[in-house]
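Topology and contacts: notes
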Amino acid sequence: MPAATAQEIQRVTQRLAQVRKRMAQAAQQVGRSPEEITLVAVSKTRPIQAIQAAYQAGQRDFGENRLEELWPKVEQAQGLGLTEIRWHLIGTIQSRKARMAVGPFALIHSVDRLKIARRLDRFAREAGWVAPVLLEVNVSGEETKHGFHPASVKAAMDELVRLEGLRIQGLMTMAPFVPDPEQTRPIFRALRQLRDELQAAYPDQEWRHLSMGMTNDFEVAIEEGATIVRIGTAIFGKRAEQA
Ligand SMILES: *Cc1c(COP(=O)(O)O)cnc(C)c1O
């Protein structure tokens with residue numbers, strides 16, 4: 001397998017530095033420390049060399065949305081000695097593939113319905129694992145988006161907290177793409193408020209993460225309390241489907 005070229009490494013290093021700088025500025029804007037925010041580099045559709053280039057630039061958290069793509073990359077990364085990667089599963093899990101979500105993953109962001117929570121719980125327990133998860137919430141109510149409706153997450157909590165194969169660590173959302181990212185602010189704010197309500201009602205869960213913000217809107221998300229941003233395009237360039 002060809003290694004990342006010096007040019008690729010240089011380009012990704014520059015882009016990562018830019019993104020980190022913008023993250024820090026957004027955090028400072030609202031008096032937050034940049035260190036409390038994790039940057040997940042979304043490497044879906046990218047070759048392993050892109051991951052390798054970012055790794056050489058110091059990036060360790062990577063996000064993938066399809067299990068069929070994630071698993072081979074886990075193996076390729078290992079083969080290249082990229083042993084410190086923390087993998088994040090950020091895409092919808094199909095019910096019949098839930099077993100594949102049991103693996104060396106740092107965080108599963110996309111538990112978006114009870115059915116998946118139950119299946120993941122079962123497979124995790126069978127494997128002797130406790131899966132760290134976020135609950136994905138469809139705050140905007142767009143039909144094309146996955147996730148619990150805000151009211152349904154509350155209704156599901158009594159059952160969710162009893163699933164011993166899952167460890168709930170917070171909430172995730174995707175805002176609709178809009179030309180003016182400022183318009184996404186109410187969505188991020190609503191996710192934080194929902195987290196605050198759930199935290200008051202279920203204080204024994206960790207609730208430490210709000211995974212929100214992508215290339216188009218991560219600064220607004222950070223201003224509204226994101227602890228994890230998931231960024232692909234600003235680090236790796238446009239994906240083929242966006243070109
Ligand atoms: C693709 C994707 C991202 C990153 O999107 P960019 O606009 O490229 O930053 C973030 N989160 C999820 C769930 C994604 O599928």
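Keep in mind it's a predicted model, so treat the numbers as computed, not measured.

**Comments concerning the overall build of the protein**
Of the regular secondary structure elements, the protein holds eight helices and eight strands. In summary, the protein has a C-alpha radius of gyration of 17 Å against a globular reference of 18 Å for 243 residues, a match within 12%. Summarising its shape, the C-alpha atoms of the protein cover approximately 50 × 45 × 30 Å along the three principal directions. Within the protein, the proportion of its 243 residues that are buried is 51%. Of the roughly 11,400 Å² of accessible surface on the protein, 48% is carried by carbon and sulfur atoms.

**Observations concerning the side chain of Asp-112**
For Asp-112, the location among the structural elements is in the loop between β4 (105–111) and α4 (114–126). Using a relative accessible area of 5% as the deciding quantity, one classes Asp-112 as buried. Here the side chain of Asp-112 touches Arg-113 through a polar contact of 2.7 Å, side chain to side chain. Ignoring sequence-local partners within four residues, the contact set of Asp-112 consists of Thr-92, Glu-136, His-146, Gly-147 and Phe-148.

**A closer look at the environment of Gly-147**
Relative to the assigned elements, Gly-147 resides in the loop between β5 (131–136) and α5 (150–160). Given a relative accessible area of 25%, Gly-147 falls into the partly exposed group. Here the alpha-carbon distance between Gly-147 and Arg-167, two residues 20 residues apart in the chain, equals 18 Å. When sequence neighbours within four positions are dropped, the list of residues in contact with Gly-147 reads Asp-112, Glu-136, Val-137 and Asn-138.

**Notes on the site of the ligand**
Near the ligand the following residues occur: Val-42, Lys-44, Ile-90, Met-174, Met-214, Thr-215, Arg-230, Ile-231, Gly-232, Thr-233 and Arg-239. Contacts to the ligand include Thr-233, whose side-chain N or O atom sits 2.5 Å from an oxygen atom. A distance of 2.7 Å is found between an oxygen atom of the ligand and a side-chain nitrogen or oxygen belonging to Arg-239. A total of 390 Å² of accessible area belongs to the ligand in isolation, and the protein chains cover 92% of it.

The rules behind each value
Residues numbered from 1 in each chain as written. Predicted model: local features only at pLDDT ≥ 70, side-chain atom pairs only at ≥ 80, totals over all residues. Heavy atoms only, no water. Helix = DSSP H or I, 4+ residues; strand = E, 2+ residues; numbered from the N terminus. Rg over C-alpha atoms; globule rule 2.2 N^0.38 Å. Buried < 20%, exposed > 50% of the residue type's maximum accessible area, 1.4 Å probe, protein only. Areas by Shrake-Rupley, 256 points an atom, 1.4 Å probe, with all protein chains shown as cover. Polar contact = N/O pair within 3.5 Å; in protein donor to acceptor, adjacent residues only side chain to side chain. Contact = heavy atoms within 4.5 Å. Near = heavy atom within 4 Å.

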